[in-house]
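Spelled out, the chains give:
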Amino acid sequence: MAATLRIQSDWSQALRRDEGEAWLSCRSPGKPTLYGSLIRRGLSTEGVPDIAASEGFVVGKVTKKSILVSCPHENVSTKFLAPYTTFCRIHQKSITCLDISSGGGLGVSTSTDGTMKIWQAANGEIRRLLEGHVYDVNCCRFFPSGLVVLSGGMDAQLKIWSAEDASCVVTFKGHKGGILDTAIVDRGRNVLSCSRDGTARLWDCGKSTCLGVIADCGSPVNGIAVGTADNSLNLGMPEKAPSEREIGTEGKILLLAREDKKLQGVGLQSRQPVFLFVGSDAFNCCTFLSSTYILAGTQDGNIYQLDVRNTNAPIQVIHRSGAPVLSLLPYRDGFIASQGDGTCFIIQQDLDYVLDLTEADCDPVYKVASWEKQIYTCCRDGIVRRYQLSDL
């Protein structure tokens, strides 16, 4: 594991005033942590803060919302990004999930205050309240059209909602435990869900029926992802001919992030196991980077990158802190990850620095969503933060 740079969570406020100061640290495994600080010395002629770093740290480019800091001794650089806007009024309590519509206009989120809401992504103004789940809603996402929402709750129900009038158009019942994650197949005639009951199920939206149990793990399935498999991968043959109501399942693989420390790949149409990888701890989330590369995050802070064609050994394991990896999202030539200690970072192949989305102070960042150059995060502190990646 490489060295990690950290910064005071409210650094952008702290460095707004002259002589303002913010702490920094550089942690490298097996070595003492290097502590330092940033001090604002005034404004440059362009109106950008003039910031100096203490010994051992170097300040690179500074803008109103970002600062590039490096620790030459450990050969590590991080660009810290402050939120462009924050929405504090959407929910009263911890926000557990969010998504942004394909057009970028709407957001949907769920909270431990028991509500699920649709809001305008530009200003956080609430448009609709989606009411009908009993108990908390665990997960929500837009269909590719951006006009329909899929949600899963502690009540073991999966629901489909109209984003236009907030009506619940379909309710799926069949799971015996709370639903923890969902996925949408292609345009959304079929959807997937996974649950504490240890199963992943495939559903037919048009007839609101269950098309089958894709996997039964005997252990809670915390996260799922569906993707097109590399052609060289043998996905197995279905034992019986698939229903004609199954749309778009052929050639797809379903990833299951399991509580029993296993990451499993299953042929979506065949229901046959493709691979089983054992990690260091419970898997919380998983995603596809491409038809060959996948990522999965564990409770003890490991992010495994695997090649689906050979999962015997990971391509790499990224470990920035021991906090649970809660969310993984493919982004451009890399990915965005969020963790239980409030960190949220972006790794890109062609960038020699990590992008760190700051401001959550030790509160878990549960979920990340993106639309073009805007990144949205939701956090235990009840705030939705929007970051603007203008210069990526």
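Residues numbered from 1 in each chain as written. Predicted model: local features only at pLDDT ≥ 70, side-chain atom pairs only at ≥ 80, totals over all residues. Heavy atoms only, no water.

**Q** Would you explain the overall build of the chain in this entry?
**A** When you go through the chain residue by residue, the secondary structure sums to 1 helix and 35 strands. Its C-alpha radius of gyration of 22 Å places the chain within 12% of the 21 Å reference for a compact globule of 392 residues. Here the C-alpha coordinates of the chain stretch approximately 70 × 50 × 30 Å along the principal axes. Out of the 392 residues belonging to the chain, those deemed buried represent 56%. When contacts within the chain are restricted to residue pairs at least 6 apart in sequence, those whose partners lie at least 24 apart make up 44%. A total accessible area of about 16,900 Å² is found for the chain, and carbon and sulfur atoms account for 47% of it. Looking at the chain, you have 40 positive and 42 negative side-chain charges, and the mean spots of the two groups are 3 Å apart. (Helix = DSSP H or I, 4+ residues; strand = E, 2+ residues; numbered from the N terminus. Rg over C-alpha atoms; globule rule 2.2 N^0.38 Å. Buried < 20%, exposed > 50% of the residue type's maximum accessible area, 1.4 Å probe, protein only. Contact = heavy atoms within 4.5 Å. Areas by Shrake-Rupley, 256 points an atom, 1.4 Å probe, with all protein chains shown as cover. Lys, Arg positive; Asp, Glu negative; His and termini not counted. Charge placed at Lys NZ, Arg CZ, Asp CG, Glu CD.)

**Q** Would you mind going over the pattern of salt bridges with me for this structure?
**A** Oppositely charged side chains can pair when the atoms bearing their charge come close. According to the stated counting rule, one finds 14 salt bridges in the structure shown. The closest approach of N and O atoms between Arg141 and Asp181, which form a salt bridge, is 3.7 Å. Of the two residues, Arg141 is situated in strand E13 (residues 137–142) and Asp181 in strand E17 (residues 179–185); the sequence distance between them amounts to 40 residues. Exposure remark for Asp181: the relative accessible area of 12% places this residue in the buried category. (Salt bridge = Lys/Arg side-chain N within 4 Å of Asp/Glu carboxyl O.)

**Q** Just checking my understanding: could you explain the pairing of strand E27 (residues 302–307) for this structure?
**A** Residues in a regular strand project their side chains so that they alternate between the two faces of the sheet. The buried fraction of E27 amounts to 6 of the 6 residues, a majority that puts the element mostly inside the structure. Neither face of E27 is left uncovered, since the one carrying Asn302, Tyr304 and Leu306 and the one carrying Ile303, Gln305 and Asp307 both have all their residues buried. Note: strand E26 (residues 293–298) against E27, 5 bridges, orientation antiparallel. Its bridge partner lying in E27, Tyr293 is registered against Asp307. Hairpin connection from E26 to E27: 3 residues lie between these consecutive antiparallel strands, with Gly301 at a positive phi of about 90 degrees. Sheet topology places E27 next to strand E28 (residues 316–319); 4 bridges connect them, and they run antiparallel. Among the inter-strand pairings, Tyr304 is bridged to a residue of E28, identified as Val317. (Pairing = 2+ DSSP bridges.)

**Q** Help me understand unusual backbone geometry, please; the structure alone is not making it clear to me.
**A** Most peptide bonds are trans, and most residues other than glycine sit at a negative phi. Residue Glu19 is not a glycine yet carries a positive backbone phi of 65 degrees. As for its position among the elements, Glu19 is in the loop between helix H1 (11–14) and strand E2 (21–27). The residue Cys362 is not glycine, and still its phi comes out positive at about 65 degrees. Its location among the elements puts Cys362 in the loop between strand E32 (354–357) and strand E33 (365–371).

**Q** Just to check I follow, could you spell out the sheet that holds strand E29 (residues 325–331) for this structure?
**A** Strands pair in a sheet through their backbones, by hydrogen bonds, and they do so in one of two ways: parallel or antiparallel. Here 7 strands make up an open sheet; going across it, the order is E5-E6-E7-E32-E31-E30-E29 and the pairing mixed. Looking at which strands have only one partner, the edges of the open sheet turn out to be strand E5 (58–62) and E29. Between one strand and the next, the sheet's axes are offset by a mean angle of 20 degrees, whatever the strand orientation. In this structure, strand E31 (residues 344–348) lies alongside E32, joined through 2 bridges in antiparallel fashion. Bridging from a neighbouring strand, Phe345 pairs with Asp356 of E32. (Axes fitted to C-alpha atoms, helices over the stretch in contact; angles between N-to-C directions.)

**Q** I would appreciate a short explanation of the pairing of strand E25 (residues 283–288) in the present structure.
**A** Along E25, 6 of the 6 residues are buried, which leaves the element largely enclosed by surrounding structure. Summarising the sheet, E25 and E26 pair through 5 bridges and their orientation is antiparallel. Each residue of the ladder has a partner; that of Phe283, found in E26, is Thr298. Here E25 folds back onto E26, and the loop between the two strands holds 4 residues.

**Q** How do you make sense of the environment of Asp50 when you look at a structure like this?
**A** Among the structural elements, Asp50 can be located in strand E4 (residues 49–53). Residues Asp50 and Asp18, spaced 32 residues apart in sequence, show a C-alpha to C-alpha distance of 9.4 Å. Ignoring sequence-local partners within four residues, the contact set of Asp50 consists of Ile39, Arg40, Arg41, Gly42, Leu43 and Ser44.

**Q** Honestly, the environment of Ser270 in this entry has me stumped. Any pointers?
**A** As for its position among the elements, Ser270 is in the loop between strand E23 (262–267) and strand E24 (273–278). On a C-alpha basis, the gap between Ser270 and Arg201 in space is 13 Å, while along the polypeptide they are 69 residues apart. Polar contacts involving the side chain of Ser270 include one to the main-chain carbonyl oxygen of Leu235, which spans 2.5 Å. In this structure the side chain of Ser270 is engaged in a polar contact, spanning 3.0 Å, whose partner is the backbone nitrogen of Gln272. (Polar contact = N/O pair within 3.5 Å; in protein donor to acceptor, adjacent residues only side chain to side chain.)

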